[in-house]
Amino acid sequence: MDKKIKAAQLKRRIAVENISALERFQAQFSGDDAKQIPEALEDLERHKEGFFAAVSKLEELDDSNEAIEACIMERINIEERCRKLKSFLRDNLRREEGALNDTSALASSTLAFGRPNAPHLRLPKIELPSFDGDQTKWLSFRDRFIAMIDASPELPSIAKLEYLLSALKGEAALPFEHTQLTADNYSVTWAALLKRYDNPRLLVREYYRKLHYLPAVQSESVEKLTCLVDEFSRYVNGFVKLNEPVDSWDTPLSNMLLMKLDRATLLAWEKHSVHFPKDRYKEVIAFVQDRIQILKSTNNFTSDTNDSASKVAGTFRSSASRRSIAQAASSRSFPPSAPTHKCPLQCVDSHLLRSCPVFTGKDVNQRREIVSSKHLCWNCLSDSHQVKACKSDYACRTCRQRHHTLLHVPASSTVAMTLQDNAGMVFLETALLNIVDDYGVRHEARALLDSGSMSNFISESLARKMLGTPRNKVKVSVTSIGNNVQLVKGSIFASVESRSHAHASELELLVVDTPFLHIPTASIDASSWKIPDLPLADPSFYEPGKIDIIIGGDTYWELHSGRKRSLGKGKPWLVETPFGWVVAGNVSPGASHESRLCHLSTSSSSSMDSIMERFWEIEAISDDPAVSAEEDACEKHFVATTTKSIAVL
């Protein structure tokens, strides 16, 4: 028992002495000791816990009234001393962090400029870099954070951790949302971040993917060209940081950039480089940068010239310029106001036609009639020009045609149908191919080539296997027979490759949850067919099999060379594609009155009942001969005249 009491008393004494040492640190505190405050706070909490644990042990071993009373008084004393110490340390810690934020890397910047003896030098505040999970921005964030925070010996680990957590945003911050602010957690958190994002192999793939999918410039625009060049250069610089041999990539980089330029810029480059033996990336990027500067200065000069034209004596002034001069003269006497826009529909309020509540409240056909009757521009709804002379870079957001989005007429519903009866079958084109994800992994798939489909589709089961391919958000309604509606919410970009030829196509595929039908729906005996010795795209075309991919009409016609061979009367055709020869057509011609199986799908959002009603209306043929309005009036007049003549007789 005595040994246990002595051990507890020794632990209590050690804790008290350590707390006394921290009080001496407080008494001798100076500005140079500020960097020790985080460690001092941690020590204080540890010694306090050790003291109370030792006192609790003593209370268990000696429960006499005198011993308990002494322990209570000692508890109160130590609690008060620790509270004062903690308050002092926290106040000085906040003061030190405030000074650090105000002078943002002052010490390291001062040393960097070679002026270590200038303690009162104040530099502009440097914003701490942030990172939101975009892999193409990781290298820049990593280098800046290491230079500003991680490599600073003056900053304690707990402060570095706080800076790191505050710099992470969005997707990058989620895994570390509940990280506790302790000194030991900084190295763990930084190591986890490096493991997640500091992967050169994956970074190269992400840079190349972003470079490939940069949007092309459709028309000459300074802003769009500048954005393209900046992003293209940023991705190429990322390759340089990753030690990729960019200097030997002249052909792929230059051609990739040229493919994204507008026609006018591309034509200017061709004139400039007509005698060049080879397209070099540095020359192409320098040319586009020079062209941007030329376009900027030209636009500014043209704008300045137009603004000052009214001041030149002897120049011709149009009615529009005379109106602007009158407005300028009146503006000298009154405060400037926002420009007013007179509504073509004679509304009381001044606003643009696209903002007019009367105009937007009408249906599309009524809006189109208004634009035609008012002779307005179909693209920007202006009354100063027609659509041929419209200089606006904008177009319809739905179909990208040269008309305003408010004038877009929704496309009619699209219906695709396949038919099978007991007397024969229509073979649809199927092919075995490979689909490649973003990591270069190839997945075998069976595809249906469908000229009647407006989109490409992929099954959910196959899309899940392509783990490295990101999924984009879309919202497309697919309606099947019986009014069953499926909402497609995702799409992926992937490359489909031939297994027998050097062919690849980049496609966007909509991901559908429900599986596709097996094609064909029943087995066909093709043993008697004399099939030539040709590589078939699907050797088991006559057996029902699962469809993984549907390739629609946009790509369908690009996959056909135009060559075909007949298998004989009553048999289908062989059609050549990059995947091999596919089997297509009727097995047995002629009509049948036996049971039939019909598959129908539509991409329209309208009711399936109304679509089927219009379909049957087309099939219904009147027994009476169709006559025009003039013929009907003539016939009625002839009948009336003839009747009157007979009555007279």
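To keep things clear, this report deals only with the structure shown in the data block.

What about the overall build of the chain?
And then number 1: Helix and strand content of the chain: 20 helices and 13 strands.
And then number 2: For the chain, the residues scored as buried account for 33% of the 649 residues in total.
And then number 3: If you take every contact in the chain between residues at least 6 apart in sequence, the share linking residues at least 24 apart comes to 61%.
And then number 4: A total accessible area of about 41,200 Å² is found for the chain, and carbon and sulfur atoms account for 54% of it.

Notes on helix 2 (residues 37-61)
And then number 1: Its 25 residues give helix 2 an end-to-end C-alpha distance of 36 Å, which sits within 8% of 36 Å, the value for a rise of 1.5 Å per residue.
And then number 2: All of the buried residues in helix 2 are Ile37, Pro38, Ala40, Leu41, Leu44, His47, Phe51, Phe52, Ala54, Val55 and Leu58.

Concerning the pattern of salt bridges
And then number 1: As enumerated under the stated definition, the model contains 23 salt bridges in all.
And then number 2: Linking Arg142 and Asp143 is a salt bridge whose minimum nitrogen-to-oxygen distance equals 3.2 Å.
And then number 3: By relative accessible area, which is 31% here, Asp143 ends up partly exposed.
And then number 4: Overlapping salt bridges bring together Asp134, Glu206, Arg209 and Lys210 as one network.

Here's the deal with the nonpolar core
And then number 1: Core analysis: the biggest nonpolar cluster contains 49 residues, and Trp138, Phe141, Leu193 and Phe232 have the highest contact counts within it.
And then number 2: Of all the secondary-structure elements, those providing two or more residues to this core are helix 5 (138-150), helix 6 (157-167), helix 8 (184-197), helix 9 (200-212), helix 10 (222-241), helix 11 (250-258) and helix 13 (281-308).
And then number 3: Tallying contributions element by element places helix 10 first for this core, with eight residues.

Some remarks on unusual backbone geometry
And then number 1: Backbone geometry places Asn243, a non-glycine residue, at a positive phi of 65 degrees.
And then number 2: When you line up the elements, Asn243 lands in the loop between helix 10 and helix 11.
And then number 3: Of note in the backbone geometry, His375 takes a positive phi value of approximately 55 degrees without being a glycine.
And then number 4: Mapped onto the fold, His375 is located in the loop between helix 16 (364-373) and strand 1 (415-421).

A closer look at the environment of Arg263
And then number 1: For Arg263, the location among the structural elements is in helix 12 (residues 263-272).
And then number 2: Owing to a relative accessible area of 74%, Arg263 belongs among the exposed residues under this scheme.
And then number 3: When the C-alpha atoms of Arg263 and Ser219 are compared, they prove to be 7.1 Å apart, with 44 residues separating the residues in sequence.

Describing a nonpolar patch on the surface
And then number 1: Taken together, Ile72, Met73 and Ile76 make up a surface patch of nonpolar side chains, about 280 Å² in accessible area.
And then number 2: For Ile76, the location among the structural elements is in helix 3 (residues 65-103).

Quick notes on the packing of helix 9 against helix 10
And then number 1: Direction vectors running N to C along helix 9 and helix 10 enclose 160 degrees, while the axes themselves pass 10 Å from each other. Here helix 10 runs roughly antiparallel to helix 9, going by the angle between their axes. In this structure, the crossing between helix 9 and helix 10 has a hand that is left-handed. The segment helix 9 lies against helix 10, with Val204, Tyr207, Tyr208, Lys210 and Leu211 engaging Phe232, Arg234, Tyr235, Gly238 and Phe239.
And then number 2: Residue composition of the contact of helix 9 with helix 10, by class: seven nonpolar, one polar and two charged.

Rules of the game
- Residues numbered from 1 in each chain as written.
- Predicted model: local features only at pLDDT ≥ 70, side-chain atom pairs only at ≥ 80, totals over all residues.
- Heavy atoms only, no water.
- Helix = DSSP H or I, 4+ residues; strand = E, 2+ residues; numbered from the N terminus.
- Buried < 20%, exposed > 50% of the residue type's maximum accessible area, 1.4 Å probe, protein only.
- Contact = heavy atoms within 4.5 Å.
- Areas by Shrake-Rupley, 256 points an atom, 1.4 Å probe, with all protein chains shown as cover.
- Expected span 1.5 Å × (residues − 1).
- Salt bridge = Lys/Arg side-chain N within 4 Å of Asp/Glu carboxyl O.
- Core = buried A, V, L, I, M, F, W, Y, C linked by side-chain atoms within 4.5 Å.
- Patch = residues over 30% accessible without salt bridge, like charges linked within 9 Å, V, L, I, M, F, W, Y side chains within 5 Å.
- Axes fitted to C-alpha atoms, helices over the stretch in contact; angles between N-to-C directions.
- Parallel < 35°, antiparallel > 145°, perpendicular 65-115°, else oblique.
- Left-handed = near helix turned anticlockwise from the far one by under 90°.
- Nonpolar A, V, L, I, M, F, W, Y, C, P; charged D, E, K, R; others polar.

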